[in-house]
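The primary structure of each chain is shown beneath.
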Number of protein chains: 2
Amino acid sequence: MPAGDIDLIVKNAIVVTADRDRRVLDDSGVAVVDARLAGVMSSAELRPMEERARRIVDGSGMILMPGLINTHCHAGDSLFRGLVEDLPLEAWLQTVWKAEGAILNAETSRLGSVLGFAELLLSGVTTVMDMFWFPDETVKAARAVGLRVATGAIFFDPPGMNRLNTEQRIAEAETFCENYASADDVLPSVMPHGTYTVSPENLKKARQIADRHEALYSTHAAETQAEQADIQARYGRSVIRHLDHFGQLDGRTVLAHCVHIDDEEIDILARRQVTVSHNPVSNLKLGSGIARVPDMLDAGVRVTLGTDGAISGNDLDMWLALRLAAMLHKGANQKADAVSTTQALDMITRNGAEALGAGGQIGSLEPGKYADMILIDVRRPHAIPMFDPVTHLVYSTAKSDVRHVFLSGEQVVRDGALTRIDLTDTIAGVEALVPRIAASIG
Amino acid sequence: MPAGDIDLIVKNAIVVTADRDRRVLDDSGVAVVDARLAGVMSSAELRPMEERARRIVDGSGMILMPGLINTHCHAGDSLFRGLVEDLPLEAWLQTVWKAEGAILNAETSRLGSVLGFAELLLSGVTTVMDMFWFPDETVKAARAVGLRVATGAIFFDPPGMNRLNTEQRIAEAETFCENYASADDVLPSVMPHGTYTVSPENLKKARQIADRHEALYSTHAAETQAEQADIQARYGRSVIRHLDHFGQLDGRTVLAHCVHIDDEEIDILARRQVTVSHNPVSNLKLGSGIARVPDMLDAGVRVTLGTDGAISGNDLDMWLALRLAAMLHKGANQKADAVSTTQALDMITRNGAEALGAGGQIGSLEPGKYADMILIDVRRPHAIPMFDPVTHLVYSTAKSDVRHVFLSGEQVVRDGALTRIDLTDTIAGVEALVPRIAASIG
């Protein structure tokens, strides 16, 4: 092959592949050709290829791993970070909707989404499932910053923040799926908000669109006891049974939260191959409860992780979600081996990819997949010593340790800074809104 | 006054004082004279004093707050970070003691303590209560890095890692209290390990030494159900009642953990004005359980926060402890207002100071107190927007946001780097031990 046919080589790193065998390779790296991984191998094996590489990155003192996958977010809600405090979900939502109603339009949604996606990308998230009101703006924001996004139209019986009626929502969902059907950075999704805000009839319509376009399907489910009681009272069925009853559950369905579910509901989730997006930060902070993650893992449910929005969080820190996924359930169940580090790491890598129907494209470092990957500094005091890289990733890595991020081989974060966009105008734009946002719930 | 009589002015910051009124001051700062705060005031009020200042630090875009106080740590155990995983406390301790026994001496203890204290100081901790085997080395390490330390001799019935008998331990404890009685950077303490490792007779001897020297007194207590069952079986009393029975509890007593306690034990802790050091990270990770923090707060118990050691953690992140203190109990109790941000921030500031009998010296930014203070960058994407600085500190601040740290007015961290010590030799020393450490648990 001629010189220059390799776009990028990363070498001298500890490679955490997240592949089927969960291989961890000392002194290794990858070669990237045409946005995809051409090889994952030792630095010694890479050496003869180096003269063909247009760029070589030295990964010494760093872990190379797949970009993180966040399966539940509302990035645009970063506009409202820390605005609504100390309320349970239901009362909190009423206040959030008041603020969103006063502030959100296409422009402000994009502004908030850029801010949220910037935070995510800087922390090493390269793919996010994001539910927000103006999905085209969500795509624009993701492209401006440089990450892959699973998103699409929201279904919501009231007019919502984009003030659409049901017919318009259906049209929006159809059009979105059509427009992005062949995009490699958008995973079209249909996103009914929840069983307490969407009628069975509209749930069924949303599902039909998802099925017709082979799109992803995501909704909030069983987040609080109050929600379960509400759905039980309205329909005589629990949330998961309600969704199952209307044929909402399959392998392309991502249910956010699933905090309050019984054994049979766990069994339904496993049988239907549904993905549960565990959101420990918002579940704790809103007082929703602690999800039965060990039981779901035991039952074979695919568990992934989400940050939820910064209005509940109050940030978008997948490393915190990861660490909590690994340790919260040990404490809550008084069982020191309740969730293993491998199980936790799977949630933000390969499970996330499978949840989004992209297991063949992302979620691990393997030849043929997109070169979505991050380099993590492991020479800082809190990384010394390091007996096991996976343990270090799960329990001691901080978002600020992420130095470089690549999306399809393009470097989108360099030394902790975004490369595609300067955030100055975004931050100024958000701060100009602050008085209005603060007044919106006044 | 002559020019140069003010050592340092910090101006233009958002000042979170943690004073009695929990004042938060926009566009403000402090003046420092002879290691102590001479004034806390607006930038406008500081302006005429600037010409008398030998140094001026611009705090624009930053929060200025008191240095954090960590009331339970074993910094030297950073040598073993991530070594022992997925075991409950009792089995975990047996393995930890094996590793400690094989590795620890005065020199390696100091090495590990320097590493641990470096991590703490970089994250903004300026005072730590630390329990480790060679307390003189702990002091040397703290002084090398630049933080205040509450420490002293351990009581432990077996020989322990320093291989002392009871008489030698008594002598060590007495001597330590005498040697550091007048040090302004050491808070002499007597530290029996726990009721399951120290006999009532030795607990009483430890207590007598603490009383004689007006030293602090700290032990592990009620960390697991197994520990409670053990003490109940041995002595016919629960852990807190056992300690109370032997007169161990007073306002200078810091009990680490207190996870498994009943209503009456909470009442005893409140009546005796004992401090509880809540360690949510290690309690979760070791599967110990979730402490009854809201109940303790309701009963008037003084609650503070600790990181515990990096062998259980696996890092020393007080910001994570803070965030968990504020949100874990909301989730565990399904009560979205279970712990307020003010209560949480008190734990790492003023409560920490009072726990260490140093409420008049540290723990808030008030005239007359030591200038132990930190500057936190609030211009990064995850800090935008910021509706309330205290909410931001509790829920969105990361250790990497800490830019500058001052101890008694001396800058010990500048732009995220230690000023007193270069860690290169420390890190090399720790890494040279890694093969022996890994082999120690065989």
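The rules behind each value
- Residues numbered from 1 in each chain as written.
- Chains lettered and ligands numbered in written order.
- Predicted model: local features only at pLDDT ≥ 70, side-chain atom pairs only at ≥ 80, totals over all residues.
- Heavy atoms only, no water.
- Domains from an automatic or database assignment.
- Contact = heavy atoms within 4.5 Å.
- Buried area = accessible area lost by both parts, 1.4 Å probe.
- Salt bridge = Lys/Arg side-chain N within 4 Å of Asp/Glu carboxyl O.
- Polar contact = N/O pair within 3.5 Å; in protein donor to acceptor, adjacent residues only side chain to side chain.
- Helix = DSSP H or I, 4+ residues; strand = E, 2+ residues; numbered from the N terminus.
- Buried < 20%, exposed > 50% of the residue type's maximum accessible area, 1.4 Å probe, protein only.
- Pairing = 2+ DSSP bridges.
- Right-handed = clockwise from strand over helix to strand, strands pointing away.
- Phe/Tyr/Trp six-rings, centres within 6.5 Å; stacked < 30°, edge-to-face > 60°.
- Lys NZ or Arg CZ within 6 Å of the ring centre and 35° of its normal.
- Least-squares fit on C-alpha atoms with pLDDT ≥ 70 in both.
- Core = buried A, V, L, I, M, F, W, Y, C linked by side-chain atoms within 4.5 Å.
- 1 Å grid on protein atoms, 1.4 Å probe; cavity = no way out; pocket = protein on both sides within 12 Å on 5 of 7 lines; lining within 4 Å.
- Points joined across faces, edges and corners; volume = space filled by probe spheres on them.
- Nonpolar A, V, L, I, M, F, W, Y, C, P; charged D, E, K, R; others polar.
- pLDDT = per-residue confidence, 0-100.
- Disulfide = S-S within 2.5 Å.

Colleague: Which residues make up the domain arrangement of chain A, and what are the values?
Modeller: Residues and elements named next belong to chain A. For chain A, the assigned domains read domain 1 (8-67 + 369-418) and domain 2 (68-355). Distance between the C-alpha centres of domain 1 and domain 2: 29 Å. Listed per partner, the contact involves 30 residues of domain 1 and 31 residues of domain 2. Summing both sides of the interface, domain 1 and domain 2 together bury roughly 2400 Å²; the carbon and sulfur share of this comes to 64%. Its largest share of buried area at the contact with domain 2, domain 1 owes to Val394, Tyr395 and Lys399, together 28% of the area lost on that side. Run the count over domain 1 and domain 2 and you get three salt bridges. Residue Arg148 is joined to Asp372 by a salt bridge in which the shortest nitrogen-to-oxygen separation is 2.7 Å. Taken together, domain 1 and domain 2 are joined by nine residue pairs in polar contact (both at pLDDT 80 or more). Those elements giving two or more residues to the side of domain 1 that touches domain 2 turn out to be strand 5 (62-66), strand 15 (373-377), helix 16 (389-395), strand 16 (402-407), strand 17 (410-414) and strand 18 (417-418).

Colleague: Break down unusual backbone geometry for me, with residues and values.
Modeller: Residue and element names in this part refer to chain A. Cis geometry marks the peptide bond from Gly313 to Asn314, where omega comes out at 10°. Looking at where Asn314 falls in the secondary structure, it is placed in the loop between helix 12 (310-313) and helix 13 (318-333). A cis geometry characterises the amide bond from Ile384 onward to Pro385, with omega recorded as -15°. Relative to the assigned elements, Pro385 resides in the loop between strand 15 and helix 16. In this structure, Asp27 takes a positive phi of about 40° despite not being glycine. As for its position among the elements, Asp27 is in strand 2 (residues 24-33).

Colleague: I'd like a rundown of the pairing of strand 8 (residues 148-151) of chain B, residues and numbers included.
Modeller: All names here are of chain B. Because side chains alternate across strand 8, one face comprises the buried residues Arg148 and Ala150, and the other comprises Val149 and Thr151, equally buried. Note that strand 7 (residues 125-130) and strand 8 share three bridges and pair parallel. Within strand 8, the residue paired with Met129 across the bridge is Ala150. A crossover links strand 7 with its parallel partner strand 8, the connecting element being helix 4 (residues 135-145), and its sense is right-handed. Summarising the sheet, strand 8 and strand 10 (residues 186-192) pair through three bridges and their orientation is parallel. The residue bridging Val149 from the neighbouring strand is Val186, located in strand 10.

Colleague: Which residues make up the packing of aromatic side chains, and what values go with them?
Modeller: This structure, assessed with the given rule, holds six aromatic pairs over all chains. Each ring, one from A:Trp97 and one from A:Phe156, has its centre 5.3 Å from the other, and the planes form 75°; the classification is edge-to-face. Remark: A:Phe156 occurs in the loop between strand 9 (154-155) and helix 5 (166-179) and A:Trp97 occurs in helix 2 (residues 89-103); sequence separation between them is 59 residues. Aromatic pair A:Trp133 and A:Phe156: ring centres 5.1 Å apart, planes at 80°, arrangement edge-to-face. With A:Trp133 in the loop between strand 7 (125-130) and helix 4 (135-145) and A:Phe156 in the loop between strand 9 and helix 5, the pair connects residues that are 23 residues apart, well separated along the chain. Of the aromatic side chains, those joined through ring pairs into one cluster are A:Trp97, A:Trp133 and A:Phe156. Sitting over the face of the ring of A:Tyr370, A:Arg36 holds its NZ or CZ atom 4.0 Å from the ring centroid. The ring of B:Tyr370 has B:Arg148 sitting right over it, with the charged end atom 4.1 Å from the ring centre.

Colleague: Give me the relation of the copies chain B and chain A: which residues, what numbers.
Modeller: By a simple turn and slide, chain B fits onto chain A: the slide is 0.0 Å along the axis, the RMSD is 0.0 Å, and the turn is 180°. In symmetry terms, the pair is related by a two-fold rotation axis. Proximity to the rotation axis, assessed at the C-alpha, singles out B:Ser400 in chain B; its C-alpha lies 3.2 Å from the axis. A high fraction, 100%, of the interface residues of chain B reappear at the interface in chain A, so the copies pair face to face through one surface.

Colleague: Tell me what's going on with the nonpolar core, and back it up with residues and numbers.
Modeller: Ranked by internal contacts, the top residues of the largest apolar core, which has 275 residues, are A:Met65, A:Phe117, B:Met65 and B:Phe117. Apart from residues lying up to four places away in sequence, B:Phe117 is in contact with B:Ala75, B:Val128, B:Asp130, B:Thr138, B:Ala141, B:Ala142, B:Val145, B:Leu147 and B:Val149.

Colleague: Before we move on, can you summarise the layout of surface pockets with the specific residues and values?
Modeller: Its boundaries defined by the atoms lining it, the largest pocket holds a volume of some 900 Å³. Along the wall of the largest pocket there are 36 residues; nearest its centre are A:Arg380, A:Ser400, A:Asp401, B:Arg380 and B:Ser400. Across the lining of the largest pocket, the residue classes break down as 14 nonpolar, eight polar and 14 charged.

Colleague: So what about the pattern of salt bridges? Which residues, and what values?
Modeller: What the rule picks out here adds up to 72 salt bridges over all chains. Two residues, A:Arg52 and A:Asp5, come together in a salt bridge whose shortest N-O distance is 3.1 Å. Of this pair, A:Arg52 sits in the loop between helix 1 (43-46) and strand 4 (56-58) while A:Asp5 sits in the segment before strand 1 (8-16), and the two are 47 residues apart along the sequence. The burial state of A:Arg52 is the same as that of A:Asp5; both residues are buried. Of the charged contacts, one joins B:Arg380 and B:Asp377 as a salt bridge, the two residues approaching to 3.4 Å between their closest N and O atoms. A relative accessible area of 27% means that B:Arg380 is categorised as partly exposed. Taken together, the shared-partner salt bridges connect A:Asp377, A:Arg380, A:Asp401, A:Arg403 and A:Asp415 into one network.

Colleague: How would you summarise the environment of B:Lys204 if you had to cite specific residues and measurements?
Modeller: Residue and element names in this part refer to chain B. On the secondary structure map, Lys204 appears in helix 6 (residues 200-213). Taking C-alpha positions, Lys204 is 25 Å from Ala358, a pair spaced 154 residues apart along the chain. Lys204 has contacts with Phe246 and Gln248, leaving out every residue within four places of it along the chain.

Colleague: Help me get a handle on the interface of chain B and chain A, residues and values and all.
Modeller: Each partner contributes to the interface: chain B provides 60 residues, whereas chain A provides 60 residues. For the pairing of chain B and chain A, the buried interface totals around 4700 Å² over both sides, and the portion due to carbon and sulfur atoms is 64%. At the surface where chain B touches chain A, the tally comes to six salt bridges. Between B:Arg379 and A:Glu431 there is a salt bridge, and its shortest N-O distance comes to 2.9 Å. The tally of links from chain B across to chain A stands at 19 residue pairs in polar contact (both at pLDDT 80 or more). Listing elements by their share of the side of chain B that touches chain A, those giving two or more residues are helix 3 (106-122), helix 10 (280-285), helix 13 (318-333), helix 16 (389-395) and helix 17 (424-440) of chain B. The dominant element in the side of chain B that touches chain A, judged by the number of residues it contributes, is helix 13 of chain B, at eight residues. Here the side of chain B that touches chain A is built from residues that sort into 31 nonpolar, 16 polar and 13 charged.

Colleague: Requested: an account of the confidence of the model for chain A, with residues and values cited.
Modeller: Here chain A averages 97 in pLDDT, and 99% of its residues register 70 or above. Here the prediction assigns the complex a pTM of 0.98, and the interface score ipTM is 0.97.

Colleague: Go over the side chain of B:His278 with me, naming the residues and quoting the values.
Modeller: Structurally, B:His278 is set in strand 13 (residues 275-278). Aside from chain neighbours lying at most four places away, what touches B:His278 is B:Asn283, B:Ala291, B:Val293, B:Val303, B:Thr304, B:Leu305, B:Gly306, B:Ala325 and B:His329.

Colleague: Go over the environment of A:Val145, please, and point to the residues and values.
Modeller: Residue and element names in this part refer to chain A. Here Val145 is to be found in helix 4. As a C-alpha pair, Val145 and Asp422 span 277 residues in sequence and 9.2 Å in three-dimensional space. In contact with Val145, not counting residues within four places along its chain, are Val114, Phe117, Ala118, Leu121, Val412, Leu418, Arg420 and Ile421.

Colleague: Run through the state of the cysteines, naming residues and quoting values.
Modeller: Residue and element names in this part refer to chain B. This model, assessed by the stated rule, comprises zero disulfides over all chains. Cysteine Cys177 shares no disulfide, and the gap to the nearest cysteine sulfur, in Cys73, comes to 20 Å. For Cys177, a relative accessible area of 2% corresponds to the buried category. There is no disulfide at Cys258, and the cysteine sulfur nearest it, in Cys73, is 18 Å away. Accessibility expressed as a relative area gives 0% for Cys258, which makes it buried.

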